[in-house]
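What the coordinates show
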Amino acid sequence: MANEEDDPVVQEIKPKQQKVELEMAIDTLNPNYCRSKGEQIALNVDGACTDETSTYSSKLMDKQTFCSSQTTSNTSRYAAALYRQGELHLTPLHGILQLRPSFSYLDKADAKHREREAANEAGDSSQDEAEDDVKQITVRFSRPESEQARQRRVQSYEFLQKKHAEEPWVHLHYYGLRDSRSEHERQYLLCPGSSGVENTELVKSPSEYLMMLMPPSQEEEKDKPVAPSNVLSMAQLRTLPLADQIKILMKNVKVMPFANLMSLLGPSIDSVAVLRGIQKVAMLVQGNWVVKSDILYPKDSSSPHSGVPAEVLCRGRDFVMWKFTQSRWVVRKEVATVTKLCAEDVKDFLEHMAVVRINKGWEFILPYDGEFIKKHPDVVQRQHMLWTGIQAKLEKVYNLVKETMPKKPDTQSGPAGLVSGDQRIQAAKTKAQQNHALLERELQRRKEQLRAPAVPPGVRIKEEPVSEEGEEDDEQEAEEEEPMDTSPSGLHSKLANGLPPGRAAGTDSFNGHPPPGCASTPVARELRAFVEATFQRQFVLTLSELKRLFNLHLASLPPGHTLFSGISDRMLQDTVLAAGCKQILVPFPPQTAASPDEQKVFALWESGDMSDQHRQVLLEIFSKNYRVRRNMIQSRLTQECGEDLSKQEVDKVLKDCCVSYGGMWYLKGTVQS
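Residues numbered from 1 in each chain as written. Predicted model: local features only at pLDDT ≥ 70, side-chain atom pairs only at ≥ 80, totals over all residues. Heavy atoms only, no water.

The name an unreviewed UniProt entry gives the protein chain is RNA polymerase III subunit E, with Piliocolobus tephrosceles as the organism.

Structure below.
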């Protein structure tokens, strides 16, 4: 290709609908030009005969065509710059075209080759046949062309190609770089005025000037390829709020250690803010964070496999997550049996957070993160409270047997390991020895009770089971008998849950603990405030339900709150009694499946409203009956209160304290479905 100005170069521009074709001559005398290749290309394109339709009339490839393509649809952001004498002159561009080599001559060579092959085949067949076959010819006359058909023909590709071929070429003359005509045209790129009066548009701040020079483009945003809806780049992710970033990451990854989450969010993100945000979309399992079920299965959605609603799916997945808080291993058949879900749904749950091991089951996908557990004990305790509430809900929904459920999750003690047969035998022996010692102490305690003075008639003795194994020795021997007067005359007495007035109002020990109502510690005040507020909303609560509400209350508190110091069941019960509540000794049936905590029923004795007396009569009824009919309650209220109560008043008392099931009324929390 020639580079000097005296080389014979010809330029022809053929404009057509914002498209330019540039035909440039090739210097065939240049030593870099391969003449044999040029002759071969011309022969392939035009054949042996040359005429006016030939592409290369000199029987040599002596020209090359360049075809333009539009680089961008918006050129308002681009300018041609010329720097001269310390000044930068900018000229706006109205169009940018990119020229690329056109190889249409190769298409012509292929067409010539196919024509020659067809002619050769036709010649061979004519020699083989003695005579040509007579063929019938059908003559058709074209109908007049309609206006609609003509418009379709004009817009067709064949018509445009034909029109493109018929368009005449425009011959141009090339001027060199240092030619006077080129220098004259270059002067148009310089700004003629140099005074500040003519350049008033440039008297702006740098940011305004840059905005004028490069205005934001909306068309280019439309031209960008659209990514799938479930794909988001890290650059786009970091433009979102922190809560949305955490939610999107957890929804896609599903299980992630806290250290990995911090590395994805960037070093400038505060870890406290991340901890606050991660607890809204994920739960802590073995020191790692697993996305919540309602994030993966939003409301009004359903299973793609079985069509089960999202509520059932969330409950089943929560069961799988809870199982992994108890052990490293989960068996799929056990999950399917408990949740009653199809195998595909259960497999989806497990694949989110576990990997299958042959002949073992499903193992949690990540190792136990003990470093996070040690570093953030307040978060771990709050998550434990949440899991306790979820466990209580799962027990009721799936009718789980409590004796087979671990008392404490493995997330606090470390990852579980394999236990050998000898170790199991040794553990069973130790447990049997402990049970034997407990039975011996229980027998001794009952013998001492038989030797004690007889209890006065009309008084019932309340025996509470001990919940803490480590304190059984002391509490079983020191536990006092707390009589509760359930006779009709006792409703208006001054006994505080069976204690004498002097002891209830004094500062003596209260079941082995200082009276919480009289304590001035912040923990006691906070606990007392929670109990009073809870019983003002719900007049009757079992100990199990009260503990569940307390765990939810702890989960809503900020890290480091005083209530995280540790509240025992005994302290919670004493606070309830000191807050003006009484324990109702409901006579549960012998075959009841209620746990000891569910059999402990507490009720607010005086709330200060007009229904206090009615509620006290109702609670007395349930201290002697497990379930009661409505007509018996109404007649007893009329007898005790000495007035004919309206239906609305009876309904209010029943709504505050009872629930109806199978035509019978039960105290709240005591009905066993």
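**A few points about the sheet that holds strand β15 (residues 581-584)**
As a general point, the strands of a sheet are linked pairwise by backbone hydrogen bonds and lie either parallel or antiparallel. Read across the open sheet, the three strands follow the order β14-β16-β15; overall the sheet is antiparallel. Pairing within the sheet leaves two strands with one partner each, and these edge strands are β14 (540-542) and β15. Across the sheet, the mean angle separating the axes of adjacent strands is 30° when strand polarity is ignored. The strands touched by helix α21 (residues 522-537) within the sheet are β14, β15 and β16 (601-604), with β16 carrying the most contacts at an inclination of about 80°. (Pairing = 2+ DSSP bridges. Helix = DSSP H or I, 4+ residues; strand = E, 2+ residues; numbered from the N terminus. Axes fitted to C-alpha atoms, helices over the stretch in contact; angles between N-to-C directions. Contact = heavy atoms within 4.5 Å.)

**Digging into the nonpolar core**
Core analysis: the largest hydrophobic core is formed by 56 residues, its most contacted members being M250, I278, W289 and F324. Counting residues in hydrophobic clusters, the runner-up holds 50 residues, among them L527, V531, L572 and A603. (Core = buried A, V, L, I, M, F, W, Y, C linked by side-chain atoms within 4.5 Å. Buried < 20%, exposed > 50% of the residue type's maximum accessible area, 1.4 Å probe, protein only.)

**Some words on the pattern of salt bridges**
Tallying each qualifying case throughout the model produces 17 salt bridges. E39 is the partner of R35 in a salt bridge, and the nearest nitrogen-oxygen pair spans 3.7 Å. Of this pair, R35 and E39 both sit in helix α1 (residues 35-46), four residues apart, which is roughly one turn of that helix. A salt bridge links R548 to E545, with the nearest nitrogen and oxygen atoms 2.7 Å apart. In this pair, R548 and E545 are both assigned in helix α22 (residues 543-556), three residues apart and thus about one turn of the helix distant. With a relative accessible area of 27%, R548 lands in the partly exposed category. Classification of E545 by relative accessible area gives buried; the value is 19%. (Salt bridge = Lys/Arg side-chain N within 4 Å of Asp/Glu carboxyl O.)

**Quick word on the packing of helix α13 (residues 310-326) against helix α15 (residues 343-353)**
Relative to each other, α13 and α15 sit at 45°, their axes nearing to 10 Å. Between α13 and α15, the interaxial angle falls into the category oblique. The handedness of the crossing between α13 and α15 is right-handed. For the pair α13 and α15, contact is made by L313, G316, R317, V320, M321 and F324 and by D345, F349, L350, H352 and M353, respectively. (Parallel < 35°, antiparallel > 145°, perpendicular 65-115°, else oblique. Left-handed = near helix turned anticlockwise from the far one by under 90°.)

**Quick look at the packing of helix α9 (residues 242-253) against helix α10 (residues 258-265)**
With their axes 11 Å apart at the nearest point, α9 and α10 run at an angle of 125° to one another. Classified by the angle their axes make, α9 and α10 are oblique. Crossing of α9 over α10 shows right-handed handedness. On the side of α9, the interface is formed by L242, Q245, I246 and L249, while α10 contributes L261, L264 and L265. Among the residues forming the contact of α9 with α10, the class breakdown is six nonpolar, one polar and no charged. (Nonpolar A, V, L, I, M, F, W, Y, C, P; charged D, E, K, R; others polar.)

**Here we look at the confidence of the model for the protein chain**
Per-residue confidence for the protein chain averages 75 on the pLDDT scale, and 76% of its residues sit at or above 70. pLDDT under 50 marks residues 1-5. Its contacts with residues more than four places away, or in other chains, come to eight contacts. Counting contacts from residues 403-418, a segment whose pLDDT is below 50, to residues more than four positions away or on other chains yields 29 contacts. (pLDDT = per-residue confidence, 0-100.)

**Describing the sheet that holds strand β10 (residues 288-291)**
Across the sheet, which stays open at both edges, the three strands sit in the order β8-β10-β9 with antiparallel pairing between neighbours. Across the chains shown, the open sheet's two edge strands, defined by having one partner strand only, are β8 (255-256) and β9 (282-285). Of the pairings in the sheet, the one linking β9 to β10 comprises four bridges and is antiparallel in character. Across the sheet, the residue bridging to L284 is W289, located in β10.

**Focus on α9**
For α9, spanning twelve residues, the distance from its first C-alpha to its last is 16 Å, which sits close to the expected 16 Å at 1.5 Å a residue. Looking at α9, one finds that the buried residues are Q245, I246, L249 and M250. Down the axis of α9, the buried side of the element spans an arc of 120°, and every buried residue falls inside it. At its buried positions, α9 is contacted by α8 (234-237), β8, α10, α11 (271-281), β9 and β10. Backbone geometry just downstream of α9 places K254 in the positive-phi region, at approximately 75°. (Expected span 1.5 Å × (residues − 1). Arc of directions from axis to C-beta.)

**Observations regarding a nonpolar patch on the surface**
On the surface, Y83, L88, L90, Y209, L210, L213 and M214 cluster together into a nonpolar patch covering about 690 Å² of accessible area. Sorting the residues of the nonpolar patch by element identifies β5 (87-92) and α6 (206-213) as the ones contributing at least two each. Ranked by residues supplied to the nonpolar patch, first place goes to α6 with three residues. With respect to the helices and strands, L213 occurs in helix α6. (Patch = residues over 30% accessible without salt bridge, like charges linked within 9 Å, V, L, I, M, F, W, Y side chains within 5 Å. Areas by Shrake-Rupley, 256 points an atom, 1.4 Å probe, with all protein chains shown as cover.)

**With respect to the side chain of E620**
Residue position: E620 is located in helix α25 (residues 612-622). Of note is the side chain of E620, whose polar atom sits 2.9 Å from the side chain of R636. (Polar contact = N/O pair within 3.5 Å; in protein donor to acceptor, adjacent residues only side chain to side chain.)

**A look at the environment of V320**
Assignment of secondary structure puts V320 in helix α13. Of the residues examined, V320 reaches a relative accessible area of 0% and is grouped as buried. Here the alpha-carbon distance between V320 and V346, two residues 26 residues apart in the chain, equals 8.6 Å. Excluding its chain neighbours within four sequence positions, the residues that come into contact with V320 are V335, F349, L350 and M353.

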